[in-house]
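Structure at a glance
Residue-level listing of the chains:
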Amino acid sequence: WKIGDEVVIHCNQSCGQCPECNGLDPLACSQQKIWGYETSWGSFAQFTRVQAQQLLPKPRHLTWEESASYALVYLTAYRMLIDKCAMKAGDNVLVWGAAGGLGCFAIQLCRLVGANAVGVVSSEEKKKLVMELGAVGAVNRKEFDFARRANETPEQEKKRISETRRLGKTLRELWKGGDADIVFEHVGQETFPASVLLAKTFGKIVICGATSGFNLDFDVRYLWMRQKTILGSHFCNAYEANRANQ
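What this report covers is the structure whose coordinates are included nearby. (Residues numbered from 1 in each chain as written. Predicted model: local features only at pLDDT ≥ 70, side-chain atom pairs only at ≥ 80, totals over all residues. Heavy atoms only, no water.)

With respect to the sheet that holds strand 6 (residues 116-121)
- Spatial strand order, 7-6-5-8-9-10: 6 strands in an open sheet with parallel pairing. Since the sheet does not close on itself, it has two edges, and those belong to strand 7 (137-140) and strand 10 (229-232), each with one partner. Put simply, the sheet's adjacent strands are angled 20° from each other on average, direction ignored.
- Where strand 6 meets strand 7, 4 bridges bridge the pair, whose relative direction is parallel. Paired with V121 across the strands is N140, a residue of strand 7.
- Sheet strands in contact with helix 3 (residues 71-84) are strand 5 (92-95), strand 8 (180-185), strand 9 (199-207) and strand 10, and its direction is about 155° off that of strand 8.
- Together, strand 6 and strand 7 form the strand contacts of helix 5 (residues 124-133), whose direction differs from that of strand 7 by roughly 160°. (Pairing = 2+ DSSP bridges. Helix = DSSP H or I, 4+ residues; strand = E, 2+ residues; numbered from the N terminus. Axes fitted to C-alpha atoms, helices over the stretch in contact; angles between N-to-C directions. Contact = heavy atoms within 4.5 Å.)

Structure, rendered in structure tokens:
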């Protein structure tokens, strides 16, 4: 890199010296931090301090404003789907919060790979958006009462499971008979029980956050009896960032 290069950055910092950084994954580094979140210098500044490995070429066809907007959510979604889940053409992918930052890029990654994304959103306007981004279908979550709530009564739990199964029927119709090979999770407490139930046998649930709450509970029988996999994912490393940026 030299003075004058036009760059954007990814936000993963690591020591660059330990065995984990040199052969495993820098995200396993004991000094790993998210720049601007776990560091004292961040993005709301005229000048900032980053490691050289954080630099990525600014895409020539994007404005500076556009270039500033994509890295965090896009690169997170890339690691989740491309590396953690090894998403491939033909996979059915359920995307929660599909009109948000993470969801928008998950939908587009599915389209690029040839996977079949169905997005869950909260309005008809957002359904239109995710369809324009390349989803094969979209669902308005307000039409289903599947959210896990604290202190549920047995009756509420029974209704929630019934509503989740009704959502599953709708998803199968959109996928023309299939179930979810991959569930793209970042909502957490309200949706995770549904994610575990809706993933197919040998399906994968990949999660990078929990905007509705961190304490997750679900019927574990659907996990072990149908041999599903839960994958945790946290941003990405420099190699993934460069691949995604290309």
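Brief notes about the nonpolar core
- Ranked by internal contacts, the top residues of the largest apolar core, which has 40 residues, are L75, L81, M87, V93, V95 and F184.
- The set of elements that each furnish at least two residues to this core consists of helix 3, strand 5, helix 4 (101-113), strand 6, helix 5, strand 8 and helix 9 (238-245).
- Take this core: its biggest share by element is 8 residues, from helix 3.
- Those residues in contact with F184, other than ones at most four positions away along the chain, are A77, M80, L81, L94, V95, W96, L102, G103, A106 and V206.
- Counting 23 residues, the second largest nonpolar core, distinct from the first, contains V139, F144, V196 and Y222. (Core = buried A, V, L, I, M, F, W, Y, C linked by side-chain atoms within 4.5 Å. Buried < 20%, exposed > 50% of the residue type's maximum accessible area, 1.4 Å probe, protein only.)

Quick word on the packing of helix 3 against helix 4
- The geometry of helix 3 relative to helix 4 is characterised by a closest axis approach of 8 Å and an angle of 50° between their N-to-C directions. By the criterion of interaxial angle, the relationship of helix 3 to helix 4 is oblique. Of the two possible hands of crossing, helix 3 and helix 4 adopt the one that is right-handed. Mapping the contact onto sequence places V73, Y74, T76, A77, Y78, L81 and I82 in helix 3 and G101, L102, F105, A106, L109, C110 and V113 in helix 4.
- Taken together, the residues of the contact of helix 3 with helix 4 sort by class into 12 nonpolar, 2 polar and no charged. (Parallel < 35°, antiparallel > 145°, perpendicular 65-115°, else oblique. Left-handed = near helix turned anticlockwise from the far one by under 90°. Nonpolar A, V, L, I, M, F, W, Y, C, P; charged D, E, K, R; others polar.)

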